[in-house]
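Tertiary structure, described
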Amino acid sequence: MSKIDLNNISHSYNSNDPNPIYALNPFSMTWQDGKRYAILGPSGCGKTTMLNIVSGLVRPTAGNILFDDKDVTDLKTESRNIAQVFQFPVIYNTMTVYENLAFPLKCRDFSQNKIDERVKSVADTLNLQSFLNSPARKLTADQKQLISLGRGLVREDVAAVLMDEPLTVIDPDLKFRLRRKLKEINEEFKTTLVYVTHDQNEAMTFADNIIVMSEGEVVQAGSPKELFERPNTTFVGYFIGSPAMNLFDSEIISSNEVNIGSIKIKTNTDLSKVKNKHVKLGIRSEFIDIADKESHNTVKVKINRIEDFGNFKLLTSTLENKIIKSKIDREKPISENEVNLYIPPEKCCVYVDEKLI
Ligand code: ATP
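The residue numbering used here restarts from 1 in each chain and proceeds along that chain's sequence as written. Local features are withheld for residues below a pLDDT of 70 in this predicted model, meaning they are given only at 70 or higher, and side-chain atom pairs are given and counted only at 80 or more; totals for whole chains, interfaces and linings count all residues. Side-chain metrics in this entry use all non-hydrogen atoms of the structure; hydrogen atoms and water are not considered.

Details of unusual backbone geometry
A cis amide bond links S242 to the next residue, P243, at an omega of 0°. A run of H or I in DSSP counts as a helix once it spans at least four residues, and a run of E counts as a strand once it spans at least two, with each numbered from the N terminus. As for its position among the elements, P243 is in the loop between helix 8 (234-239) and strand 11 (246-252). In the Ramachandran plot, E165 falls in the positive-phi region, its phi being about 45° despite a non-glycine side chain.

Examining the pattern of salt bridges
Opposite charge on two side chains permits them to pair, given that their charged atoms come into close proximity. By definition here, a salt bridge exists when the distance from a side-chain nitrogen of Lys or Arg to a carboxyl oxygen of Asp or Glu is within 4 Å. Under the criterion given, the structure shown has 22 salt bridges. In this structure, E229 engages K225 in a salt bridge whose closest nitrogen and oxygen atoms are separated by 3.5 Å. Taken as a pair, E229 and K225 lie in helix 7 (residues 224-229) at a separation of 4 residues, close to a single helical turn. A simple rule labels every residue: compare its accessible area, found with a 1.4 Å probe on the protein chains alone, to the largest value its type can have, and call it buried under 20%, exposed over 50%, or partly exposed in between. Its relative accessible area of 25% is what places E229 among the partly exposed residues. As a salt-bridge pair, E294 and K300 come within 3.7 Å of each other at their nearest N and O atoms. Owing to a relative accessible area of 54%, E294 belongs among the exposed residues under this scheme. A relative accessible area of 42% places K300 in the partly exposed class.

A few points about the nonpolar core
With 45 residues, the main nonpolar core has L101, I147, L149, V161, M163, L178 and I210 as its most contacted residues. Among the elements that take part in this core, helix 2 (residues 97-106) stands out by supplying 5 residues, more than any other. The contact partners of I147, leaving out residues within four places of it in the chain, are I91, V97, N100, L101, L128, A136 and L139. Residues L271, I324, V350 and V352 belong to the second largest nonpolar core, which totals 29 residues. Among buried residues, those of type Ala, Val, Leu, Ile, Met, Phe, Trp, Tyr and Cys that are joined through side-chain atoms within 4.5 Å constitute a nonpolar core. Contacts between residues were defined by any pair of non-hydrogen atoms, one from each residue, lying within 4.5 Å.

Quick look at a nonpolar patch on the surface
Together, L57, F86 and V90 line one region of the surface with nonpolar side chains, adding up to about 250 Å² of accessible area. Checked against the element boundaries, L57 lands in the loop between helix 1 (47-55) and strand 4 (62-67). Looking at L57, the relative accessible area reads 48%, which means it is partly exposed. Only residues whose relative accessible area exceeds 30% and that form no salt bridge enter a patch; like-charged residues are grouped when within 9 Å of one another, and nonpolar side chains (Val, Leu, Ile, Met, Phe, Trp, Tyr) when within 5 Å. The protein chains shown are the only cover counted for residues, whose accessible areas, like all others here, come from Shrake-Rupley with a 1.4 Å probe.

Observations regarding the sheet that holds strand 5 (residues 70-71)
Spatially, 2-1-4-5 is the arrangement adopted by the 4 strands of the open sheet, whose pairing is antiparallel. Both edges of this open sheet fall to strand 2 (22-31) and strand 5, since each of them pairs with a single strand only. By the convention used here, strands pair only if DSSP detects at least 2 bridges between them. In terms of strand pairing, strand 1 (residues 4-12) meets strand 4 through 5 bridges, oriented antiparallel. Opposite L6, over in strand 4, you have I65 as the bridge partner. Axes here mean lines fitted to C-alpha atoms, for a helix over just the part in contact, with angles spanning 0 to 180 degrees between N-to-C directions. Sheet contacts for helix 1: strand 1, strand 2 and strand 4; angle to strand 2, the most-contacted strand, approximately 55°.

The analysis is restricted to geometry; functional conclusions fall outside its scope.
If you want it as structure tokens, here you go:
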């Protein structure tokens, strides 16, 4: 497995035009050996372009890529020693499941014993043991995708396994189990896994590092906890988490306070040097609690709706004509019409021009 450095990478599919459009704006980052990464963002934001630059399917317009400090920018995919799994199955229909799984090893002259051992291990992991002698064409769509996944995982010596929405055709229950399996494989074999998805749950439950993208821009890279607790931009606050982060148009009124309408909210952010007084206040619904009485950093809200999710209640209320959502402990009594909500200063995020201060 390899450490992968992406240095000042950018890409335009029409770089020869007088006004090229950039699918990827310049960014640099390092993917550590043996970690699990998710590239997350809405459709068209540049996820596949980024992955294809790493695999060598796309040559970046600018910048270079290093695998273990060796420049591979000009190397073709087949010389990069990576495995790829795509959204839809890529298998040989004329071969058996065994032959499909063995193919990447056969091409590299592995011994028959080693091939048997690896194919068996991957087939066990993916529950394909009983199909090994079946022709691949006879399998269902999601079983075929398991073969694709197996071909990606069968070699232990690859620099990284790159997966582009690999579980799209898999049914939800199996999807959940496979994500867990991929995590186990990574933990056991220290395989560097890179996983493209537009599904935040998939990214949050799979990766220890998530790269969030929007419109060709890497907007934040960090652990699920960092993205959840300190979103760098309002986009990340909105895109990550369910419900999305509560965001209020607000104004700075002191070195650490902002307002929501007529209500003062204390934050732990130093606002003394911020020139633009128009900001947004962000607070996750998970960090808001019911307060017994009005006091410092409480807001009185009118309740619109209470939904019981079993492990918590989702309270949708109105604060100064704006909706505020809070996740409340299901055992907490909630009065019918109005309630005081406590907004902890240390959990407040303040944004200027959509960026975290
Ligand atoms: P999706 O989730 O829909 O697959 P994505 O986040 O992977 O999207 P990309 O496929 O990387 O995004 O596309 C980024 C941008 O580049 C989009 O505007 C897309 O239309 C454009 N694009 C992608 N491939 C090409 C290509 N071969 N030629 C021209 N433009 C392209």
